[in-house]
Amino acid sequence: MKITDIKLGNISVPLKKPFKTALRTVESVEDVIVKIETDTGNIGYGEAPPTGVITGDTTGSIIGAIEDHIKKYLIGMDIENMEEIMLRLDKSIVNNTSAKAAVDIAIYDLYGQLYNTPVYKLLGGYRKEIVTDITISVNAPEEMAQDSIEAIDKGYKTLKIKVGDNATLDIKRMQAIREAVGYDVDLRIDANQGWNAKEAIYTLRKMEDAGLNIELVEQPVKAHDLKGLKLVTDNINIPVLADESVFSPRDAITIMQMGAADLINIKLMKTGGIHNALKICSIAEIYGVECMLGCMLESKVSVTAAVHLATAKNIITKIDLDGPILCSEDPIDGGAIFEDYKIRLTDDPGFGFKDIHGVNYIEY
Ligand SMILES: [Mg+2]
């Protein structure tokens, strides 16, 4: 199964409601689709979102990285030579993790097809079904409480609350939400780098003192501020999860050696795909650090790949894969099955994609 061409396209999928964090507001998913063609007629699909404020990757940079740098290293390569393909992908260009992730995902899709096996079974096959949280965007406390009630009415048992744009208001938000949903629901919060270390400690201690029962706090301080992250981790009881601070396996080792966080959030768009994400899983197993598997604003192609990884590995104990659920349309036939909070896999080979509608492929 040899790679004959790599085609790129754009896809636009509207969101049910605007997605708002301490870093940005987004109205629709606007992602790059990668389609790898082979001499056997098998097709592998990948996807990458232009999450400029987190990865630095834009639509133009993703397309440029693949078209001008990655493609020439992979055309003609045989899918059975996975190790060589991943070495080539890694050395083709530095950074550009979203572009690499999209290609890595399409390669794994083909790898599964080559052996006529779903990818999650090739990676370990630990379970076949997972349960995701759902994100509540940062808004006024009353609106967030209302959104939270709607989510638990749909069966969600875990809510991921976006905070971080105003520490005083953040406490009011969490009080309003806890009051609205009661104590049977897990509340995790994501500050998206919105606080400094002292502000984070002050705010999170207030939440502890108020008995808000927060499951974990994600990325309280700036991505580069590892000392600040450790200060927060050392001074509050709520478990701290590193997200924007961890892209590569090397970042994960640094954080774990420092004890700068209690948990790690793995996202394929930060690691550059499944190949490197597996390395973080191995490091985390050694250090005994549980991981979350998260996503950016992505549709079902790349999130299906994340679901396969999450179901395969025991060390991934927390799931934040709500991208496709936040979308008002699903242009992808096949892949993982999203039924609100429950995500199931089929045993179709690879990632099980049949077709993607509405992709505008770029002509060269
Ligand atoms: Mg996050």
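For the structure itself, consult the block above.
A few points on the structure.

The rules behind these values
Residues numbered from 1 in each chain as written. Predicted model: local features only at pLDDT ≥ 70, side-chain atom pairs only at ≥ 80, totals over all residues. Heavy atoms only, no water. 1 Å grid on protein atoms, 1.4 Å probe; cavity = no way out; pocket = protein on both sides within 12 Å on 5 of 7 lines; lining within 4 Å. Points joined across faces, edges and corners; volume = space filled by probe spheres on them. Helix = DSSP H or I, 4+ residues; strand = E, 2+ residues; numbered from the N terminus. Nonpolar A, V, L, I, M, F, W, Y, C, P; charged D, E, K, R; others polar. Buried < 20%, exposed > 50% of the residue type's maximum accessible area, 1.4 Å probe, protein only. Pairing = 2+ DSSP bridges. Right-handed = clockwise from strand over helix to strand, strands pointing away. Axes fitted to C-alpha atoms, helices over the stretch in contact; angles between N-to-C directions. Patch = residues over 30% accessible without salt bridge, like charges linked within 9 Å, V, L, I, M, F, W, Y side chains within 5 Å. Areas by Shrake-Rupley, 256 points an atom, 1.4 Å probe, with all protein chains shown as cover. Salt bridge = Lys/Arg side-chain N within 4 Å of Asp/Glu carboxyl O. Core = buried A, V, L, I, M, F, W, Y, C linked by side-chain atoms within 4.5 Å. Contact = heavy atoms within 4.5 Å. Phe/Tyr/Trp six-rings, centres within 6.5 Å; stacked < 30°, edge-to-face > 60°. Donors = N, O, S within 2.8 Å, 3.2 Å for Na, K, Ca; no water.

Put simply, the largest pocket is a space of about 510 Å³. Lining the largest pocket are 23 residues, with Asp 90, Thr 97, Lys 100, Thr 271 and Asn 276 sitting closest to its centre. Residue assignment for the lining of the largest pocket shows that the elements contributing at least two residues are helix 3 (82-92), helix 4 (97-114), helix 11 (268-271) and helix 12 (274-287). A class-by-class count of the residues in the lining of the largest pocket yields seven nonpolar, nine polar and seven charged. Empty space within the second largest pocket amounts to approximately 320 Å³.

Let us look at the pairing of strand 10 (residues 263-267). Burial of strand 10 is extensive: five of the five residues sit out of reach of the surface. Every second residue of strand 10 is oriented toward a common face, with Leu 263, Asn 265 and Lys 267 on one face and Ile 264 and Ile 266 on the other, all of them buried. Direction of pairing for strand 9 (residues 240-242) relative to strand 10: parallel, over a ladder of two bridges. Its bridge partner lying in strand 10, Ala 242 is registered against Ile 264. A crossover links strand 9 with its parallel partner strand 10, the connecting element being helix 10 (residues 249-258), and its sense is right-handed. Sheet topology places strand 10 next to strand 11 (residues 291-294); four bridges connect them, and they run parallel. For Ile 266, the partnering residue across the bridge sits in strand 11 and is Leu 293.

All right, on to the sheet that holds strand 15 (residues 342-344) then. Pairing is antiparallel across the open sheet formed by three strands, whose spatial order is 4-15-14. Edge positions in the open sheet fall to strand 4 (129-131) and strand 14 (337-339), since each of these has one partner strand only. Going across the sheet, the axis of each strand differs from the next one's by a mean of 20 degrees, ignoring polarity. Sheet topology places strand 4 next to strand 15; three bridges connect them, and they run antiparallel. Its bridge partner being in strand 15, Val 131 is matched across the sheet by Lys 342.

Looking now at a nonpolar patch on the surface. Taken together, the side chains of Ile 253, Ile 286 and Tyr 287 define a hydrophobic patch exposed on the protein surface, amounting to about 300 Å² of accessible area. Examined against the element boundaries, Ile 286 turns out to sit in helix 12. The exposed category is assigned to Ile 286, whose relative accessible area is 70%.

In this structure, Leu 159, Ile 161, Met 174, Ile 189, Leu 204, Ile 264 and Leu 321 are the most contacted members of the largest nonpolar core, which totals 125 residues. If near-sequence neighbours (up to four positions away) are discounted, Leu 321 is found in contact with Ile 130, Thr 132, Asp 133, Leu 293, Gly 294, Cys 295, Val 303, Ala 306, Val 307, Ala 310, Phe 338 and Ile 343.

Attention now goes to the packing of aromatic side chains. Scanning the entire structure with this criterion turns up five aromatic pairs. A centroid spacing of 6.3 Å and a plane angle of 85 degrees characterise the contact between Tyr 108 and Tyr 111, whose relative ring orientation is edge-to-face. A residue pair is termed a helical-turn pair when its members lie 3 or 4 positions apart in one helix, as Tyr 108 and Tyr 111 do in helix 4 at three residues. Given a relative accessible area of 6%, Tyr 108 falls into the buried group. When the ring of Tyr 111 is compared with that of Tyr 115, the centres are 5.4 Å apart and the planes differ by 85 degrees; the resulting orientation is edge-to-face. Three or more aromatic residues joined by ring pairs make a cluster, and in this case those are Tyr 45, Phe 351 and Phe 353.

This part covers the coordination of the magnesium ion. By definition of the ideal shapes, four donors in a tetrahedron about a metal sit 109.5 degrees apart, and six donors in an octahedron sit 90 or 180 degrees apart. At the metal site, the magnesium ion is ligated by Asp 190 (OD), Glu 218 (OE) and Asp 243 (OD), and these contacts range over 2.1 to 2.3 Å. As a motif over one chain, the donors of the magnesium ion read D-x27-E-x24-D. With Glu 218 in strand 8 (residues 214-218) and Asp 243 in the loop between strand 9 and helix 10, the pair connects residues that are 25 residues apart, well separated along the chain. Of the two residues, Glu 218 and Asp 243, neither departs from the other in class, the shared state being buried.

Turning our eyes to something else, we now look at the pairing of strand 7 (residues 186-190). Summarising burial for strand 7: four of the five residues are buried, a large majority. Both strand 6 (residues 158-162) and strand 7 contribute to a ladder of five bridges, which runs parallel. Residue pairing in the sheet places Lys 162 in a bridge with Asp 190 of strand 7. As for the winding sense of the linkage, the β-α-β connection from strand 6 through helix 7 (residues 167-181) to strand 7 is right-handed. Pairing geometry for strand 7 and strand 8, over four bridges, is parallel.

By themselves, these are just geometric observations and shouldn't be taken as functional.
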